[in-house]
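Residue-level structure breakdown
In case you want the letters, here they are:
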Amino acid sequence: MKGPKDDNWDLWEEEDAKPADFSRITRKIIAYWPYSLLCALILAGLAFLYLYKTNPVYNVKASILIQDNDNKTSGNNGGMLSSLQDLGLLSGTSNVDNEQIVITSYPLMEGVVKDLQLYLQFSASENLRDVPLYRNDVPFKADVVDFDLSRLNKDQLADLDYKIEKRGNTGFTISSQEKVWNGVWNTPILMPFGHLTLRNDSLTGAWEEGEIILMHVYSVSAMVDHLIAGISADIPNKQTSVINLSLQTTLPQQGKDVLNDLLSVYQGSTVEDNNKLNDSTLQFINQRLSIVGFELDSIEQQIQHFKQKNELADLPTQTEALVDNMSKAQQDLNSQLVQLSIVNSLIEYMKANKNNPRVIPASLILQNQTLADAVSNYNQLLIQRERLQLSATKENPILQNVEGQVQGLQKTIFSGLESIRLTLTTGIDKTKQQNSVFTGIIRKVPGMERTFGSISRQQSIKQELYVYLLQKREEALIAKSSTLSNSRIIAPARSENTPVKPKRRLILSGAFLLGLLLPFGYERVYRLFNTRISSKEDITNRTDAPIIGEIGHKSEDKLVVITNGTRNIVSEQFRALRTNIQFLFTRKEDKVILITSTITGEGKSFVSSNLATVFAMTGKKVVLLEMDLRKPKIVSGLGLTSAKGFTQYIMGNAEISDIIIPSGIHENLFVIPAGAIPPNPSELLQHERTDALFEYLRANFDVILVDTPPNVVSDAQLLNKNADVTLYIVRINYTHREQVDLIRNMDIAHKLPKLNVVVNDIKPKRYGGSYYGYGGYGGYGYGSGYGYYYGQETADKPWWSFGMKIKKKRL
């Protein structure tokens, strides 16, 4: 089942489906243009005020080129992954995508906020609006040391807005809601958030006393979140490695400083990331230098003690040939021992960092290029893993793949080192066997020389290792000093000259246009949700029953408003209705007019009484029957009293002549009261004496008007056989639209003879004609009437009468 709103919507769709009525649209525009113009001017004024109080927002841009090194993924596994990604078989995240997130991350933006001290924001009130200030716009330089809001309580955090005023030529005054601080230029002053120093500059002299500068203090996290929310990092397309940064701000210079400093902080962070390999190498070498240096010092002290004890200066020349032969073997042994020491150190280093992989100094791997390449790939993967961990979770497939490669290479490197150690151990054993032969010969040499030789060999090993480590440390320092960022700034921050918002022309024109359309839109919304009839279309769209008359709003609080001398609009409308009804009397015997409505309060008795009066003024003998036996109003409204009426007549307690009384309004107008209110009105109306009454009235009166109950009951339909014409009363802004459907149903079923509609309580509006309904519904009123009745033109009708073309088929 449909409710009232559903019916309204269906009706709305019906109206929209009809062809456009340009004359009606024109009338509506004429009726609305003052309101449209007024609304347009008001909204345009509000828009202008909004634009005046809103600070313009500018777009600041910068661009940076990222060197995408992801294609350098180490080893065959990295090449295989790159090939699969190129073929579209595996989706991956490029280095540029990672840097797009990193460049706007919280740590980098936090560094920008602290560098520029953006937690201090300044503004000034100018002509009823707040104007933000920055750097060269502020008549002083502000600097904060030890900025910290964590020590403030809740009340102090709520009071971080300060007013700064100039105090003479030497100082200033800072005030909040709770406290006032008097400061001197270039001297720190303790504030709740830290030590604040204000320095006067060239603009300070032009700062007038009494002019207030507002200082707003924000937390670092709040400013970082604000900047991150306002900044965007976009990649133009996947074929480039360029990131375009943009920031919308009311302070163009501040926006440029933010982007430039952000790029600087970002490049510094990339250099720091790239130096982690060199830092790890330096740390390892320094640790080994410390250990080897201590061992070398110990051996040299032994040599010194041995020589001092034995008073030795040089070995006998006869051992020179033996020493030469043995030195060659010893060199091989020393070389192998050095390599074995390095390999042992690397194995211990990897075991110590097995669960927390760290960078391995690849330059320490000797005479094994395959293992050196594996270590280099391993270090690259560690760096890549650290960068991925900044922007990806542990479940990220790329990160998991890198973790797998790290573990695989770790096992490969460990196995390679073990293999090298085994090889070196075997070589050392062989070399020692050779040395044992020489040792047997040397046994003939005095024990003193043998002892000295043993100590000398240890010294030689440690010296070579120490020199080697010093060389590698210098190489690492040179590599660190030459490290560059993996990015290049291709376009420093720049600001557009034209604000991006607010769009002044768009807002002003949009507000003006919205104001022009606002009355029309309000009408449409009101009409959609208003369930009561308010226009002619509300009736004609729901029923084909003709509208025979329109009655204006009465200003007097009485039932009959028409007299012989009355010439107002309402009286002329009743006269026009009288004329229209006469054209409905097509037969000589047509006299009875049945007047009904849907519900109580629609003006049925008012129309009946005044219509009877205007008929009586023509010299015709008129009788008005008060047949609303449930709620009779006519007799009391006319100020009449009668002991007998229709009820007494039906009951046989009175005759017809007893119940017909003068109206007191006009000598030709008579009234038949309802009489006592019966318990069974419908049965009384069907009584045979009712027909006899109408036969008598037809024989003795010229016009008979019957005021019946509303059609919520069946009383009016019981009288249809005695009626010739039916007037159905609807009241503007009172009768519901769906109630008009009842008129249509009765008209289609011919339940009431010659059914015609009378519109009551029309409020006159401007621009001619009767315009009823809400405000500007004039465009829907009856400004252009109908002047034809059965093809005859009624040229003598006044402008406020509105005739109707009566369809012949309904007669």
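Higher on the page you've got the structure.
Source: prediction; values computed, not measured.

1. Section: the sheet that holds strand β6 (residues 171-175)
Taken in spatial order, the six strands of this open sheet run β3-β2-β10-β5-β6-β7, and their pairing is antiparallel. Two strands lie at the open edges of the sheet, namely β3 (129-133) and β7 (180-184), each paired on one side alone. Each adjacent strand pair in this sheet contributes to an overall mean axis angle of 30°, direction not counted. Across five bridges, β6 lies against β7 in antiparallel orientation. In the strand pairing of β7, Gly 171 is matched with Val 184.

2. Side note on the pattern of salt bridges
Charged atoms that come close allow side chains of opposite charge to pair. For the structure on display, the rule yields 20 salt bridges. Across the salt bridge formed by Glu 475 and Lys 472, the nearest N and O atoms sit 3.4 Å from each other. Of this pair, Glu 475 and Lys 472 both sit in helix α13 (residues 447-481), three residues apart, roughly one helical turn. On the accessibility criterion, Glu 475 (36% relative accessible area) is partly exposed. Two residues, Asp 590 and Arg 587, come together in a salt bridge whose shortest N-O distance is 2.8 Å. Arg 587 gets classed as partly exposed once you look at its relative accessible area, which sits at 44%. In the salt-bridge network here, residues are joined through shared partners; they are Arg 587, Glu 589, Asp 590, Arg 698, Asp 724 and Lys 754.

3. Quick notes on a nonpolar patch on the surface
Together, Ile 30, Trp 33, Leu 37, Leu 41 and Phe 512 make up an exposed nonpolar region whose accessible area comes to about 470 Å². The greatest single-element share of the nonpolar patch, amounting to four residues, is contributed by helix α2 (residues 22-53). Checked against the element boundaries, Leu 37 lands in helix α2. Taking the relative accessible area as the measure of exposure, Leu 37 reaches 36% and is therefore partly exposed.

Criteria and thresholds
- Residues numbered from 1 in each chain as written.
- Predicted model: local features only at pLDDT ≥ 70, side-chain atom pairs only at ≥ 80, totals over all residues.
- Heavy atoms only, no water.
- Pairing = 2+ DSSP bridges.
- Helix = DSSP H or I, 4+ residues; strand = E, 2+ residues; numbered from the N terminus.
- Axes fitted to C-alpha atoms, helices over the stretch in contact; angles between N-to-C directions.
- Salt bridge = Lys/Arg side-chain N within 4 Å of Asp/Glu carboxyl O.
- Buried < 20%, exposed > 50% of the residue type's maximum accessible area, 1.4 Å probe, protein only.
- Patch = residues over 30% accessible without salt bridge, like charges linked within 9 Å, V, L, I, M, F, W, Y side chains within 5 Å.
- Areas by Shrake-Rupley, 256 points an atom, 1.4 Å probe, with all protein chains shown as cover.

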